[in-house]
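# Architecture and fold: a report
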Amino acid sequence: MKNKRNVLFCLVILLTGVIYFAIKAHQKNDTHNANFSGEWKSKESISMGGNIVCSYNPGDRMLAKTMKIAEQADFLTIEVSSSFPGTVPVTSLEKLTFDGKASEINHDQERGKKFTVKLSADGQTMTVNSIVHLMVATPYHVDVQEQAFVYVTEVWKLSNDGKSISVQTNAKSNLFSGERSWKTVFDKVS
């Protein structure tokens, strides 16, 4: 009788362990609570922080001081309203997919961008690599346009408390010599 009780006790413990590990194996590995979702505001846009031309069109997120971000499992969307100084704001929605594959936004042959996005394993850091192409006036010949390229790397880091995003940006271009680097901080509004 005592032997049957010990066997039954061992089976209950074994069954409990199997169920526990099965449930853990099926749960999504989501270790962080905070994500990029929400409304974010900064004192200056990402583009203006570096005081360079890395935005190609009104409505570009690089010009925005306020962003509404909705994060999903494998992508996020960024809704902004932005413009160049002295022009009417344009609203746009940009989808950043975390698969590392190139996406493109082209408004015409003269301006657009190609970009890739990677999200870190912990979901706290996002890296956006962009190539912006646009036509600009040549020095001393305003009526002559030439193709310009700006290579931009943005590293978005979500703070541990989820209340701010710091965007470290590096850019280089055929418009200027060397590489420029700057940081923009967005605070969570809601």
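These notes cover the structure that comes with them. This one's a predicted model, so the numbers in the text were calculated from it and none came from an experiment.

## Considering the environment of Lys163
When you line up the elements, Lys163 lands in the loop between strand S8 (141–158) and strand S9 (164–173). Residue classification places Lys163 among the exposed positions, given a relative accessible area of 54%. With 27 residues separating them along the chain, Lys163 and Ser190 place their C-alpha atoms 9.2 Å apart. Other than its neighbours up to four places away in sequence, Lys163 contacts Trp40, Phe186, Asp187 and Lys188.

## Description of the pattern of salt bridges
Considering all chains together, one arrives at three salt bridges under this definition. For the salt bridge of Arg61 with Glu94, the shortest nitrogen-to-oxygen distance reads 3.3 Å. Placement of Arg61 in the loop between helix H2 (46–50) and strand S2 (66–71) and of Glu94 in strand S4 (residues 90–97) is noted, with a sequence separation of 33 residues between them. When sorted by exposure, Arg61 lands in the same class as Glu94, which is buried. Between Arg61 and Glu154 there is a salt bridge, with its nearest N and O atoms 2.8 Å apart. Of this pair, Arg61 sits in the loop between H2 and S2 while Glu154 is found in strand S8, placing the two residues 93 residues apart along the sequence.

## Brief notes about the sheet that holds S9
Strand order in the open sheet formed by 10 strands is S4-S3-S2-S1-S10-S9-S8-S7-S6-S5, and the pairing between neighbours is antiparallel. Sheet topology places S4 and strand S5 (103–108) at the edges, where each strand pairs with a single neighbour. Ignoring strand direction, the axes of neighbouring strands in this sheet form an average angle of 25°. Relative to strand S7 (residues 125–138), strand S6 (residues 111–119) runs antiparallel, the two being bridged by nine bridges. Directly across from Lys113, in S7, lies its bridge partner Val132.

## Some details on the packing of aromatic side chains
This model, assessed by the stated rule, comprises two aromatic pairs. A ring pair is formed by Phe36 and Trp156, whose centres lie 6.5 Å apart and whose planes are at 70°; its orientation type is edge-to-face. Of this pair, Phe36 sits in the loop between helix H1 (2–26) and strand S1 (38–41) while Trp156 sits in strand S8; the two residues are 120 residues apart in sequence, bridging distant segments of the chain. Each member of the pair, Phe36 as well as Trp156, carries the same accessibility label: buried.

## Notes on the nonpolar core
One broad rule of soluble globular proteins: the nonpolar side chains tend to lie buried together. In this structure, Ile69, Met126, Trp156 and Ile165 are the most contacted members of the largest nonpolar core, which totals 31 residues. Secondary-structure elements contributing two or more residues to this core are S2, strand S3 (75–82), S6, S7, S8, S9 and strand S10 (179–188). What Ile69 contacts, discounting residues up to four positions off in sequence, is Phe36, Ser37, Gly38, Trp40, Leu76, Thr77, Ile78, Trp156 and Ile165.

## Focus on the pairing of S10
Here S1 runs beside S10; their pairing, made up of two bridges, is antiparallel. Within the sheet, the bridge partner assigned to Lys41 lies in S10 and is Asp187. From the end of S9 to the start of S10, which pair antiparallel, there are five residues, and Gly178 there has a positive phi angle of about 75°.

Cut-offs and rules
- Residues numbered from 1 in each chain as written.
- Predicted model: local features only at pLDDT ≥ 70, side-chain atom pairs only at ≥ 80, totals over all residues.
- Heavy atoms only, no water.
- Helix = DSSP H or I, 4+ residues; strand = E, 2+ residues; numbered from the N terminus.
- Buried < 20%, exposed > 50% of the residue type's maximum accessible area, 1.4 Å probe, protein only.
- Contact = heavy atoms within 4.5 Å.
- Salt bridge = Lys/Arg side-chain N within 4 Å of Asp/Glu carboxyl O.
- Pairing = 2+ DSSP bridges.
- Axes fitted to C-alpha atoms, helices over the stretch in contact; angles between N-to-C directions.
- Phe/Tyr/Trp six-rings, centres within 6.5 Å; stacked < 30°, edge-to-face > 60°.
- Core = buried A, V, L, I, M, F, W, Y, C linked by side-chain atoms within 4.5 Å.

Read these as layout, nothing more, since geometry by itself doesn't imply function.
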